[in-house]
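# Topology and contacts: notes
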Amino acid sequence: MSEEHKMTAEDKLALTITLAIIFFGVFGLGLLGIIINLSS
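Residues numbered from 1 in each chain as written. Predicted model: local features only at pLDDT ≥ 70, side-chain atom pairs only at ≥ 80, totals over all residues. Heavy atoms only, no water.

### Some words on the overall build of the protein
- Secondary structure assignment for the protein yields 1 helix and 0 strands.
- In terms of overall dimensions, the protein has a C-alpha envelope of 55 × 20 × 5 Å along the principal axes.
- Taking all 40 residues of the protein together, the buried fraction comes to 0%.
- As presented, the protein carries roughly 4,000 Å² of accessible surface, and 73% of it is formed by carbon and sulfur atoms. (Helix = DSSP H or I, 4+ residues; strand = E, 2+ residues; numbered from the N terminus. Buried < 20%, exposed > 50% of the residue type's maximum accessible area, 1.4 Å probe, protein only. Areas by Shrake-Rupley, 256 points an atom, 1.4 Å probe, with all protein chains shown as cover.)

This is how it looks when you write it as structure tokens:
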């Protein structure tokens, strides 16, 4: 891995979107689980 990897604006955007999807996906599942537990 001696090559230089430069982060372009597109790479940063893709990374941000990916991290946001993962974060909100996990957060949403956790929230859903809490709601289901409290309602039952």
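Still to come is the rest of the account.
### Focus on the packing of aromatic side chains
- Following the criterion strictly, the structure yields 2 aromatic pairs and no others.
- Considering the side-chain rings of phenylalanine 23 and phenylalanine 27, the 6.1 Å spacing of their centres and the 10° angle between planes classify their relative orientation as stacked. One end of the pair, phenylalanine 23, and the other, phenylalanine 27, are both in helix H1 (residues 9-39), 4 residues apart, so they sit about a helical turn from each other.
- Relative accessible area serves as the criterion here: at 53%, phenylalanine 23 is assigned to the exposed category. (Phe/Tyr/Trp six-rings, centres within 6.5 Å; stacked < 30°, edge-to-face > 60°.)

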